[in-house]
Amino acid sequence: MNRLQKQISKGEQVLIDMGLYVPLPINLQILLDQSERDVLNSLRHCYNMGETFVSTSVIALMTGLGEKTVRKARDRLVDMGFLSKGKVCGLGTHYPIEYKKLYTSLLTLNNEPDPEKRVALAKEMRDKHLNNNKLC
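Everything numeric in this text was worked out from a predicted model, so none of it was measured.

Undergrad: Would you mind showing me how to read the pattern of salt bridges here?
TA: Two side chains carrying opposite charge are able to pair once their charged atoms lie near each other. As enumerated under the stated definition, the model contains six salt bridges in all. The residue R76 makes a salt bridge to D33 at a minimum N-O spacing of 3.0 Å. Remark: D33 occurs in the loop between α3 (28-31) and α4 (34-48) and R76 occurs in helix α6 (residues 67-80); sequence separation between them is 43 residues. Accessibility expressed as a relative area gives 23% for R76, which makes it partly exposed. E36 serves as the salt-bridge partner of R126, at 2.6 Å between the closest nitrogen and oxygen. Taken together, the residues span a long stretch of sequence, with R126 in helix α8 (residues 115-135) and E36 in helix α4 at a distance of 90 residues. No difference in accessibility class separates R126 from E36, as the two residues are buried. Among the charged side chains, a network of salt bridges with common partners joins D33, E36, R76 and R126.

As structure tokens, this is what we get:
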């Protein structure tokens, strides 16, 4: 058992053992809004479960969000470069997750020790991602 596992409470370990989850990097909470996180986490979960194509209506059911909200959040994730639009079929659309961009963004935030500066940096990064991709 490694050091990290020793620090996890029994309650958290029970949830981990249940499976059917996706890790939530804490700084994703300041980079993405709630609907964006819900959509991204739902897509990650579906892909981890072997579902390649996911419909807007399925994500709406999984998140409790309206389909219009899901579409807007998905479009912002595409605009920020965290998702790419892929193939479409009758079951839905496959949006490849751009893990390298997600990782790089989170690493930048993780490396800022000051919480207030980290929030400001997240806002700056978010604005830059949205504005850069809209200009292209």
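Next comes the rest of the write-up.
Undergrad: I would appreciate a short explanation of the side chain of N41 in the present structure.
TA: By the secondary structure assignment, N41 is in helix α4. Excluding its chain neighbours within four sequence positions, the residues that come into contact with N41 are V22 and L24.

Undergrad: I'm lost on helix α7 (residues 99-110) in this one. Help?
TA: Think of an α-helix as turning once every 3.6 residues; residues three or four places apart then point the same way. Here α7 spans 16 Å end to end across twelve residues, near enough to the 16 Å set by a 1.5 Å rise per residue. Among the residues of α7, those classed as buried are L102, S105, L106 and L109. Seen along its axis, α7 keeps its buried residues to an arc of 95 degrees; they face one direction. Exposed side of α7, more than 90 degrees from the buried face: K100 and Y103 are the residues found there.

Undergrad: Got a minute to help me understand the packing of helix α5 (residues 56-63) against α6 in this structure?
TA: Helix packing geometry: the angle between the two helix axes and the distance between the axes. For the pair α5 and α6, interaxial distance at closest approach is 9 Å and the crossing angle is 105 degrees. Taken together, the axis directions place α5 and α6 in an arrangement best described as roughly perpendicular. Residues T56, S57, I59, A60 and T63 of α5 touch α6, and the partners they reach there are E67, V70, R71 and R74. Of the residues in the contact of α5 with α6, the class split is three nonpolar, three polar and three charged.

Undergrad: Mind showing me how you'd approach the packing of α4 against α6 here?
TA: Where α4 meets α6, the closest approach of the two axes is 9 Å, and the angle between their N-to-C directions is 85 degrees. When the axes of α4 and α6 are compared, the pair comes out roughly perpendicular. Contacts between α4 and α6 involve S35, E36, V39 and L40 from the former and T69, V70, A73, R74, R76, L77 and M80 from the latter. Of the residues that constitute the contact of α4 with α6, the class distribution is six nonpolar, two polar and three charged.

What counts and how
Residues numbered from 1 in each chain as written. Predicted model: local features only at pLDDT ≥ 70, side-chain atom pairs only at ≥ 80, totals over all residues. Heavy atoms only, no water. Salt bridge = Lys/Arg side-chain N within 4 Å of Asp/Glu carboxyl O. Helix = DSSP H or I, 4+ residues; strand = E, 2+ residues; numbered from the N terminus. Buried < 20%, exposed > 50% of the residue type's maximum accessible area, 1.4 Å probe, protein only. Contact = heavy atoms within 4.5 Å. Expected span 1.5 Å × (residues − 1). Arc of directions from axis to C-beta. Axes fitted to C-alpha atoms, helices over the stretch in contact; angles between N-to-C directions. Parallel < 35°, antiparallel > 145°, perpendicular 65-115°, else oblique. Nonpolar A, V, L, I, M, F, W, Y, C, P; charged D, E, K, R; others polar.

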